[in-house]
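What follows is each chain in one-letter form.
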Amino acid sequence: MKPGSVWAPKPHRVRIRIADQTVDMSRDASDWWHAPEPLMPGTDYAYLLDDDDTALTDPRSQWQPDGVFGPSRCYDHTAFRWTDQAWTGRALPGSVLYELHVGTFTPAGTFDAAIERLDYLADLGIDLVEVMPVNAFDGTVGWGYDGVLWGAVHEPYGGPDGFKRFVDACHARDMGVVLDVVYNHIGPSGAYLERFGPYFAGQNQWGAALNTDGPGSDEVRRYVIDNATGWLRDFHVDGLRLDAVHAIVDHRALTLLEELSAEVDALAAGLRRPLSLIAESDLNDPRLITSREANGYGLTAQWSDDIHHAVHVTLTGETQGYYKDFAAPEALATTLRSAYFHAGTWSSFRGRTHGRPVDTHRIPGSRFVCYLQDHDQIGNRAQGDRLSASVRPGLLACGAAIVLCSPYTPMIFMGEEWAASTPWQFFASFPDPGLADAVRNGRRSEFAAHGWAEEEIPDPMSPATVERSRLDWKELSVPEHRSMLELYRALIALRHQHPELADPRLDEFTVETGPGGRWLMLHRGTLRVACHLGGEVDNIRLDRPVGKVLLASAEVTHAGHVLEMPPESFAVVTTTDVERKPSADELARIE
């Protein structure tokens, strides 16, 4: 629906204000209100409900140049001059993702500044850039999950034209764009949707919960679907990451996620390029990523926190909270083999059984996005510390090898590839002092319950917290950071060069573990990925004779079936059917 028309079943009267003129709108049988004349591009406008003279933003606004409390501005999608006419898209299977936050990816924190770093990402080997939410929220800086206008691009980042320039520039470098979108709740400041109609019903842990199945929910669902397809069509985005879909309560026979999946598939056919829907879900339910033909929801993929948790516990030894169950001896191997660790099994953190098994013969690993780090798993720690703050480089390299050589779709969090020393902390910038204090005190109370002193928790409202969280690109000139970057670049190149490493078939994937979990071996066709996690030199025997070493994080030697590996190192090797007799020198080194 074009600007100048608004769905508003609640009020009895709706007026539109354009400049200093306010006129009544007409209501149709579907509770849509229409302005007397079409709005021209560039026109500022706002709505007034009943006899209240408070000017409200358009729920479907696509441009808020003066912030979420200012008027909406009519935006013309046809005015932007795209240069990506030859772009045919980027499918998720086989791709490597890179998650970034526009506001802290560069010192300037804008789309245009991020464009200047895209050649770096292309050189790294990235296929899809996953951008954290860019929808309008109150304040200048924040994570983006407190957005209140889902279709308007945050103006401090560069507004709608800035985002289009970013997408266009990614496509020019043969990289697609995945956008993080939030439909499970609305932000706390500048949100007026509920005054127009029944957009929300009840509460979830973050705020008002979306009304997907109650009275008036047909238009609410249409609002979500139109928003999603608008990003894909009008902004040329290649996929959407759907935040916390487990918080969307939907009891209809045809769920919103299924309906969205069907419409996105139809749009992809019309655009003749692949479009992806990636769910964040805490349900461990493979129906989300099962095709609609097989009675699933038909989403392209989901994030896999279980894989993250299993690798994290292995590398760090942390076992508090939801990490506890992943301290089991076979947790990492079990999770790598089947994507879920909790698959109809007991979860001590939840105090109940959780999840459903993945049919590894039918569901490919490419439908699970796996990662060593992400914005949540770093930013929701008390001090926002990255793995590099507590894990030695050798083990970091092993973790990268596990993720990037797995049958899953790997994702890197910005700066991870060079073991960035900067934290990534929780921050916001609500101008309202009361709301700012509530967020600040809530954060402190949350971690006080886990034994953290108040002064140890970064103030989420302080500009210093944002500054600490910005990437320090000067670190790329430091040898230890540069060496980690080169290792990541080599791993990604290896994945792209050797189809076996991207093979998503879970039923063809084997994981071996050594005594006490000292080492881990991934079978990738005829390739083997050996990760030695122990603290001493070890001889690891393979099932086949070693051919040659394709990549290693430290110097390894081999003879016959045996790899001699330094502590905390990995090696990717070819294997052969032919037993080669080792030389005397090789035998001497192994012995």
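Computed from a prediction, not measured in an experiment: that's the story for all the values here.

Draft legend 1. Structural view of the sheet that holds strand E4 (residues 26-27). Taken together, 3 strands build an open sheet; the order of strands is E1-E5-E4 and the sheet is antiparallel. Each edge of the sheet is formed by a strand with only one pairing partner; in this case those strands are strand E1 (5-7) and E4. Sheet topology places E1 next to strand E5 (residues 32-34); 3 bridges connect them, and they run antiparallel. Across the sheet, Val6 pairs through a bridge with Trp33, a residue of E5.

Draft legend 2. Quick look at the pairing of strand E3 (residues 21-24). Of the pairings in the sheet, the one linking strand E2 (residues 14-18) to E3 comprises 4 bridges and is antiparallel in character. Considered in E3, the bridge of Arg17 is made with Thr22. Hairpin geometry of E2 and E3 is characterised by an intervening segment of 2 residues between the two adjacent antiparallel strands and by a positive phi of about 55 degrees at Ala19.

Draft legend 3. Representation of the packing of helix H8 (residues 305-316) against helix H9 (residues 331-338). Two numbers describe how H8 lies on H9: the axes approach to 9 Å, and their chain directions differ by 155 degrees. In terms of orientation, H8 and H9 fall into the roughly antiparallel class. Seen along the crossing, H8 lies across H9 with a hand that is left-handed. Along its contact with H8, which presents Asp306, Ile307, Ala310, Val311 and Thr314, the element H9 presents Ala331, Leu332, Thr335 and Leu336.

Draft legend 4. Structural view of the side chain of Arg381. As for its position among the elements, Arg381 is in the loop between helix H10 (375-379) and helix H11 (393-404). At 3.2 Å, the side chain of Arg381 forms a polar contact with the side chain of Asp385. Those residues within four positions of Arg381 in sequence are excluded, and the remaining contacts are His312, Glu318, Arg443 and Phe447.

Draft legend 5. Highlighting the side chain of His154. Topologically, His154 is positioned in the loop between strand E11 (149-153) and helix H4 (159-172). Among the residues examined, His154 registers a relative accessible area of 2% and is labelled buried. In this view, His154 contacts Val134, Asn135, Ala136, Phe137, Gly139, Thr140 and Gly159; residues no more than four positions away in its chain are not counted.

Draft legend 6. Structural view of the packing of aromatic side chains. Across all of its chains, the model carries 31 aromatic pairs by this definition. Seen in terms of ring centroids, Tyr199 and Tyr223 are 5.1 Å apart; in terms of plane orientation they differ by 70 degrees. Their pairing is edge-to-face. Of the two residues, Tyr199 is situated in the loop between helix H5 (193-196) and strand E13 (200-204) and Tyr223 in helix H6 (residues 217-234); the sequence distance between them amounts to 24 residues. Ring geometry for Trp418 versus Trp473: centroids 4.9 Å apart, planes at 55 degrees, classification tilted. Here the residue Trp418 occupies a position in the loop between strand E21 (409-413) and helix H12 (433-448), and Trp473 occupies one in the loop between helix H13 (463-469) and helix H14 (479-497), the gap between them amounting to 55 residues. Classification of Trp473 as buried rests on a relative accessible area of 9%. The structure contains a cluster of three or more aromatic residues connected by ring pairs, namely Trp7, Trp150, Tyr183, Tyr199, Phe200 and Tyr223. A cation over an aromatic ring shows up here: Arg73 above the ring of Trp63, its NZ or CZ 5.1 Å from the ring centre. A cation sits over an aromatic face here: Arg241 above Trp303, 4.1 Å from the ring centre.

Definitions and cut-offs
- Residues numbered from 1 in each chain as written.
- Predicted model: local features only at pLDDT ≥ 70, side-chain atom pairs only at ≥ 80, totals over all residues.
- Heavy atoms only, no water.
- Pairing = 2+ DSSP bridges.
- Helix = DSSP H or I, 4+ residues; strand = E, 2+ residues; numbered from the N terminus.
- Axes fitted to C-alpha atoms, helices over the stretch in contact; angles between N-to-C directions.
- Parallel < 35°, antiparallel > 145°, perpendicular 65-115°, else oblique.
- Left-handed = near helix turned anticlockwise from the far one by under 90°.
- Contact = heavy atoms within 4.5 Å.
- Polar contact = N/O pair within 3.5 Å; in protein donor to acceptor, adjacent residues only side chain to side chain.
- Buried < 20%, exposed > 50% of the residue type's maximum accessible area, 1.4 Å probe, protein only.
- Phe/Tyr/Trp six-rings, centres within 6.5 Å; stacked < 30°, edge-to-face > 60°.
- Lys NZ or Arg CZ within 6 Å of the ring centre and 35° of its normal.

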